[in-house]
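# Analysis of the macromolecular model
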Amino acid sequence: SQTIHQWPATLVQPVGSPLSLECTVEGTSNPNLYWYRQAAGRGLQLLFYSVGIGQISSEVPQNLSASRPQDRQFILSSKKLLLSDSGFYLCACLTWGGELFFGEGSRLTVL
Amino acid sequence: AQSVTQLDSQVPVFEEAPVELRCNYSSSVSVYLFWYVQYPNQGLQLLLKYLSGSTLVKGINGFEAEFNKSQTSFHLRKPSVHISDTAEYFCAVSAYAGNNRKLIWGLGTSLAVNP
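Residues numbered from 1 in each chain as written. Chains lettered and ligands numbered in written order. Predicted model: local features only at pLDDT ≥ 70, side-chain atom pairs only at ≥ 80, totals over all residues. Heavy atoms only, no water.

## Examining the sheet that holds strand 1 (residues 3–7) of chain A
Residues and elements named next belong to chain A. Here we have four strands laid out as an open sheet, ordered 1-3-8-7, and antiparallel in their pairing. Pairing within the sheet leaves two strands with one partner each, and these edge strands are strand 1 and strand 7 (65–70). Averaged over all adjacent pairs, the angle separating strand axes in this sheet is 20 degrees, with direction ignored. (Pairing = 2+ DSSP bridges. Helix = DSSP H or I, 4+ residues; strand = E, 2+ residues; numbered from the N terminus. Axes fitted to C-alpha atoms, helices over the stretch in contact; angles between N-to-C directions.)

Below is the structure:
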């Protein structure tokens, strides 16, 4: 079965600073990977998904970008954070059973 | 447009009471249906899923859900809840949008189990 590691688990950053959130998947190969954001009181918003190395699809225009430098590594980045980037960021992979398997999340607070 | 509606944003219930969390969806094509649970400051965990076959699906932690195609519903039930069931519950539907399957999420239902 797969395991997803996300780090850092918690991050407090000032407005205008850069961001890098990392996600690493174990126990599977060539997974479809996803970045979701969960803002307070709101549901899950799909940010990016990737079907392979270097292949990124963006679901919504925003201040963030994603990269997939290796098969099981998915990175979420920003050059300059906004207050509205605060939230709980979740990395997920698609399993053979057709459901998403989630990591433990990274909580970002932008001040 | 396809959508998922979780009819109750918050559900308070006493321990050992039964609970039903409601989920309705709109889609005119074949769907896969999921319920996830999220404990505070954690990721989402799959409770159960419906892909095909029997419309009554049993999941982890004593939860079950019934797929009702005519009513486009997938309500989650548990006959007797525990304090530890306090969490956020999300319904999700996977349906075709063009040539690809898309996963559409409800906004979640906060279940609070009180002693």
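## Regarding the nonpolar core
Judged by nonpolar contacts, the single largest core of 30 residues is most densely connected at Trp35, Leu48, Leu76 and Tyr89 of chain B. In terms of residues, this core owes the most to one element, strand 10 (residues 87–97) of chain B, which gives five residues. In this structure Leu76 of chain B touches Val19, Glu20, Leu21, Trp35, Leu47, Leu48, Phe63, Glu64, Ala65 and Tyr89 of chain B, once residues within four positions along its chain are discounted. The next biggest cluster of nonpolar side chains, apart from the first, holds 20 residues, and it includes Leu19, Leu64, Tyr89 and Leu108 of chain A. (Core = buried A, V, L, I, M, F, W, Y, C linked by side-chain atoms within 4.5 Å. Buried < 20%, exposed > 50% of the residue type's maximum accessible area, 1.4 Å probe, protein only. Contact = heavy atoms within 4.5 Å.)

## Remarks on the interface of chain A and chain B
At the interface, 16 residues of chain A touch 16 residues of chain B. A combined buried area of about 1,300 Å² lies between chain A and chain B, and 51% of that area is made up of carbon and sulfur atoms. At the boundary of chain A with chain B, the tally comes to two salt bridges. Note that Lys49 of chain B is salt-bridged to Glu99 of chain A, the shortest N-O span being 2.7 Å. Elements represented by at least two residues in the side of chain A that touches chain B include exactly strand 4 (33–38), strand 5 (44–52), strand 9 (87–94) and strand 10 (100–102) of chain A. Considering only residue class, the side of chain A that touches chain B consists of seven nonpolar, five polar and four charged. (Buried area = accessible area lost by both parts, 1.4 Å probe. Salt bridge = Lys/Arg side-chain N within 4 Å of Asp/Glu carboxyl O. Nonpolar A, V, L, I, M, F, W, Y, C, P; charged D, E, K, R; others polar.)

## Regarding the pairing of strand 6 (residues 55–58) of chain A
Residue and element names in this part refer to chain A. Here three bridges tie strand 5 to strand 6, and the two strands are oriented antiparallel to one another. Counterpart to Gly52 in the pairing with strand 6 is Gln55. Counting the residues between successive antiparallel strands, the hairpin from strand 5 to strand 6 contains two residues, one of them, Gly54, with a positive phi of roughly 75 degrees.

## With respect to unusual backbone geometry
With an omega of 0 degrees, the peptide bond between Trp7 of chain A and Pro8 of chain A qualifies as cis. Along the chain, Pro8 of chain A turns up in the loop between strand 1 and strand 2 (10–13). Residue Asn61 of chain B is not a glycine yet carries a positive backbone phi of 60 degrees. Checked against the element boundaries, Asn61 of chain B lands in the loop between strand 7 (56–58) and strand 8 (64–68). Assessed through its relative accessible area of 39%, Asn61 of chain B is described here as partly exposed.

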